[in-house]
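# Descriptive structure summary
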Amino acid sequence: GVEARAGDAIAYMYAYLDRHASERFDVIDLDPYGTAAPFLDAAVRTVADGGLLCITCTDMAAMSGGHPETCYGRLGAMPVPKGGYCQELAIRLMLACAATTAGRCGRTIRPVLSVGMAFYVRCFVEVWDDKRGVNEHCLKIGNLYQSTRCPTFATAPHATLRKNVYHPSRMPLSTCPETGGDIKVAGPLWLAPIHDQEVVAAALGRISDANNAVVATGLAATLATRANVHGLLTSVSEELPDVPLYYRLPDLTRAVGCSAPPRSRIENAVHNAGFRVSAQHKEPQAIKTDAPSSLLWDILRAWVLEHPVSAKTKKNNTTAAQILEKEPTHEINFSRPKGLKNGGQKPKAVRYPMNPEPNWGPKAMAKAKRGAGDGGIDGPSEDTTIAPPAKKSKDDDAGEAQR
């Protein structure tokens, strides 16, 4: 049966440390108001071997860079203020924290599904007893190197493995290759895949038919939001699994002051250059690709040749002038490449649904309503409430002055 308890969740989980492994929790779902960081240590220690840990964090203001010092205090990780990839970065910062926490007790995590939804992030990870796998955390966790003058960024794990020997990795960027600007460092963040595509495909199969259309039978009939869930899982299934973070098309075009090319033309150019590209499940303007940033800038340089920017833009925007004046290093071809899956057409799905109501977002934190006195939830048997003193009238003040 189901047993409900009210109390300190951390103390309750720690109470299971002394129990037999078979008595530990198969699933732990952390869904606090704000950050789940204070609960991670107890959760990763008391979930069963191979058990599922579900993590929800709503403190996006901190993890997206609005309050970097708060994020660092909670997760031990530094975000990027005003980074276009903030939602996915928040996921990867949380996963790195969970992995490091699990590693302290000889355990590893395996992300099953990690998504940004509305105003929060939601991660589902398996936790395993795997002391050897803990050594590989340095290959899966690393830092983010972001240019201070344009959207150019790079990532690097903390270590590389050569001939069964772990070596500290090298910085991929010391200055911005496009503008010469400084580089700011963020992280540590999880750089390995954040989804298990086999699990995602199996979940899609339960709520859709062979043509990827939503069905309303069986398990799907119980989901009121099945269309949104289907759209989310479809978007996740189309993501590049091994590419951390992404660029935003408006950020790229703003940097050079040009109009935005159609997304299809950018994808065509990336494919023709021999690289992969996809969308992202949360950000409609995302460009997730394994291509180097230099290719994306060359694509925009080629686009500007067809759609020139004004001389005033170059004069007032030194970043744009520096980027556009560089000689391209890639040959750009905007034509549709052959051999794309389904001709490049995506299946129908509800991607990027609108908010369900105006001003959608986190509400104020709930506050406990204490009873009268300290007599518990129902308060003491007699009323011990102390009434505030009555306000004095002018006549009372005058009388006291005469006295």
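Values in this document were obtained by computation on a predicted structure and should not be read as measured data.

## Considering the overall build of the protein chain
When you go through the protein chain residue by residue, the secondary structure sums to 15 helices and 12 strands. With respect to the principal axes defined by its C-alpha atoms, the protein chain has extents near 90 × 70 × 50 Å. The buried share of the protein chain, reckoned over its 403 residues, is 42%. Considering only intrachain contacts with a sequence separation of at least 6, the fraction spanning at least 24 residues in the protein chain is 66%.

## Things to note about the confidence of the model for the protein chain
The predicted coordinates should not be examined in detail at positions where pLDDT is low. Across the protein chain, pLDDT averages 88, with 90% of residues at or above 70. Low pLDDT (under 50) marks residues 372-403, which in the prediction has 11 contacts with non-local residues, meaning those over four places away or in another chain.

## Concerning helix α8 (residues 197-207)
Of the residues making up α8, those classed as buried are Val200, Leu204 and Ile207. Taken end-on, α8 shows its buried residues confined to a sector of 70°, consistent with a single buried face. Residues of α8 that are exposed and point more than 90 degrees away from the buried face comprise Glu198, Gly205 and Arg206. Next to the buried residues of α8 lie β3 (107-117) and α9 (226-238). Backbone nitrogen of Glu198 and a side-chain oxygen of the N-cap are separated by 3.0 Å at the start of α8; the cap is Asp196.

## Observations concerning the pairing of strand β1 (residues 25-30)
As paired strands, β1 and strand β2 (residues 47-57) are joined by 5 bridges and run parallel to one another. Its bridge partner lying in β2, Ile28 is registered against Leu53. Of the crossover connections in this fold, the one passing from β1 over helix α2 (residues 37-46) to the parallel β2 is right-handed.

## A few points about the packing of α8 against α9
The interhelical angle for the contact between α8 and α9, taken along N-to-C directions, is 150°, at an axis separation of 10 Å. By the criterion of interaxial angle, the relationship of α8 to α9 is roughly antiparallel. Regarding α8 and α9, the two cross each other, and that crossing is left-handed. Contact with α8, carried on its side by Gln197, Val200, Ala203, Leu204 and Ile207, involves Arg226, Val229, His230, Leu233, Thr234, Val236 and Ser237 of α9 and no other residues of that element. Considering only residue class, the contact of α8 with α9 consists of 7 nonpolar, 4 polar and 1 charged.

## A word on the pairing of β2
Most of β2 sits inside the fold, with 8 of its 11 residues counted as buried. Direction of pairing for β2 relative to strand β4 (residues 120-129): antiparallel, over a ladder of 7 bridges. Residue Cys54 lies in a different strand from β4, and its bridge partner there is Phe124.

## A look at the state of the cysteines
Following the criterion strictly, the structure yields 0 disulfides and no others. Considering cysteine sulfurs only, Cys57 is the nearest to Cys97, which forms no disulfide, with 8.6 Å between them. The exposure class of Cys97 is buried, given its relative accessible area of 12%. Here Cys123 stays free of any disulfide, with the sulfur of Cys57 as its closest cysteine sulfur at 7.1 Å.

## Digging into the packing of aromatic side chains
For the structure on display, the rule yields 6 aromatic pairs. Here the aromatic rings of Tyr16 and Phe25 are separated by 4.5 Å at their centres, their planes lie at 45°, and the arrangement is tilted. The pair Tyr16 / Phe25 is uniform in exposure class, with both members buried. One aromatic cluster is present, formed by Tyr12, Tyr16 and Phe25 through successive ring pairs. Here the basic side chain of Arg19 rests over the ring of Tyr16, its NZ or CZ set 4.0 Å away from the ring centre. The cationic tip of Arg265 hangs over the ring face of Phe334; the distance from NZ or CZ to the ring centre is 4.4 Å.

## Here's the deal with the side chain of Thr46
Structurally, Thr46 is set in helix α2. In this view, Thr46 contacts Met13, Tyr14, Tyr16, Leu17, Arg24, Phe25, Ile28 and Arg107; residues no more than four positions away in its chain are not counted.

## Here's the deal with the pattern of salt bridges
Per the counting criterion, the structure on display carries 20 salt bridges. Salt-bridge contacts for Arg110 lead to Glu126; the nearest nitrogen and oxygen are separated by 3.0 Å. With Arg110 in strand β3 and Glu126 in strand β4, this residue pair connects regions lying 16 residues apart in the sequence. Taking relative accessible area as the criterion, Arg110 reaches 32% and is therefore assigned partly exposed. With relative accessibility at 18%, the residue Glu126 sits in the buried group. In this structure, the salt-bridge partner of Asp196 is Arg110, at a minimum N-O distance of 2.4 Å. In this pair, Asp196 sits in the loop between β9 (183-190) and α8 while Arg110 sits in strand β3, placing the two residues 86 residues apart along the sequence.

Definitions and limits used
- Residues numbered from 1 in each chain as written.
- Predicted model: local features only at pLDDT ≥ 70, side-chain atom pairs only at ≥ 80, totals over all residues.
- Heavy atoms only, no water.
- Helix = DSSP H or I, 4+ residues; strand = E, 2+ residues; numbered from the N terminus.
- Buried < 20%, exposed > 50% of the residue type's maximum accessible area, 1.4 Å probe, protein only.
- Contact = heavy atoms within 4.5 Å.
- pLDDT = per-residue confidence, 0-100.
- Arc of directions from axis to C-beta.
- Polar contact = N/O pair within 3.5 Å; in protein donor to acceptor, adjacent residues only side chain to side chain.
- Pairing = 2+ DSSP bridges.
- Right-handed = clockwise from strand over helix to strand, strands pointing away.
- Axes fitted to C-alpha atoms, helices over the stretch in contact; angles between N-to-C directions.
- Parallel < 35°, antiparallel > 145°, perpendicular 65-115°, else oblique.
- Left-handed = near helix turned anticlockwise from the far one by under 90°.
- Nonpolar A, V, L, I, M, F, W, Y, C, P; charged D, E, K, R; others polar.
- Disulfide = S-S within 2.5 Å.
- Phe/Tyr/Trp six-rings, centres within 6.5 Å; stacked < 30°, edge-to-face > 60°.
- Lys NZ or Arg CZ within 6 Å of the ring centre and 35° of its normal.
- Salt bridge = Lys/Arg side-chain N within 4 Å of Asp/Glu carboxyl O.

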